[in-house]
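# Understanding the architecture of this molecule
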Amino acid sequence: MPSKVSYRVRCSSTCSGWAWDVSNVQFFSDTVQVHPLSAIDSANAGGGWGPQNALGESNNLPWGGRVDGNGEFWIGGIFDANITSVKVLETSRVHRASDPYAIVFEKK
């Protein structure tokens, strides 16, 4: 079993400039969807807007992302598998990435 590693989806710019709402994030190891051992994020709106919403434990709210100390939005998880791809679903017209190319998938 590989050691635990974090993977995240990062966005440096959103249309609103202050929030990134993500409805669903799916991580894959080859073609198999993998769920994180725990969810991590840059920051969130609190009160039920945490990263677990977009990572499969939804309460019908998206992740209400807020920037970290570096001014970036990110959501991800801790995994014990090698993640090879990711799928991101944004449903907000206002609190979405300002450009699809602004979204980056990375191992952290």
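A short tour of the structure in this document, coming up. (Residues numbered from 1 in each chain as written. Predicted model: local features only at pLDDT ≥ 70, side-chain atom pairs only at ≥ 80, totals over all residues. Heavy atoms only, no water.)

Attention now goes to the overall build of the protein. Of the regular secondary structure elements, the protein holds 0 helices and 9 strands. Walking the protein from its N terminus toward its C terminus, one meets helices and strands in the order β-β-β-β-β-β-β-β-β. Overall, the C-alpha framework of the protein stretches about 40 × 30 × 25 Å when taken along its three principal axes. Counting every position in the protein, which comprises 108 residues, the buried fraction comes to 39%. Counting only contacts in the protein whose residues sit at least 6 apart along the sequence, the fraction spanning at least 24 positions is 72%. For the protein, the exposed area adds up to about 5900 Å²; of that, 49% sits on carbon and sulfur atoms. Taking the 9 positively charged and 10 negatively charged side chains of the protein as two groups, their mean positions are separated by 2 Å. (Helix = DSSP H or I, 4+ residues; strand = E, 2+ residues; numbered from the N terminus. Buried < 20%, exposed > 50% of the residue type's maximum accessible area, 1.4 Å probe, protein only. Contact = heavy atoms within 4.5 Å. Areas by Shrake-Rupley, 256 points an atom, 1.4 Å probe, with all protein chains shown as cover. Lys, Arg positive; Asp, Glu negative; His and termini not counted. Charge placed at Lys NZ, Arg CZ, Asp CG, Glu CD.)

This part takes up the sheet that holds strand S5 (residues 38-41). Pairing within the open sheet is antiparallel, and its 4 strands lie in the order S5-S7-S1-S9. The sheet is open, and its two edges are formed by S5 and strand S9 (103-107), each paired on a single side. Neighbour-to-neighbour, the strand axes of the sheet open up by a mean angle of 20°, direction not taken into account. Summarising the sheet, strand S1 (residues 5-11) and S9 pair through 5 bridges and their orientation is antiparallel. Within S9, the residue paired with Cys 11 across the bridge is Ile 103. (Pairing = 2+ DSSP bridges. Axes fitted to C-alpha atoms, helices over the stretch in contact; angles between N-to-C directions.)

Here we take up the sheet that holds strand S4 (residues 32-34). Taken in spatial order, the 3 strands line up as S4-S3-S8 in an open sheet, and their pairing is antiparallel. Of all strands in the sheet, those bounded by a partner on one side alone are S4 and strand S8 (85-89). The sheet shows a mean angle of 35° between the axes of neighbouring strands, direction not considered. Judged from the 5 bridges that link them, strand S3 (residues 24-29) and S8 form a sheet pairing that is antiparallel. In the sheet register, Phe 28 faces S8, and the bridge partner there is Ser 85.

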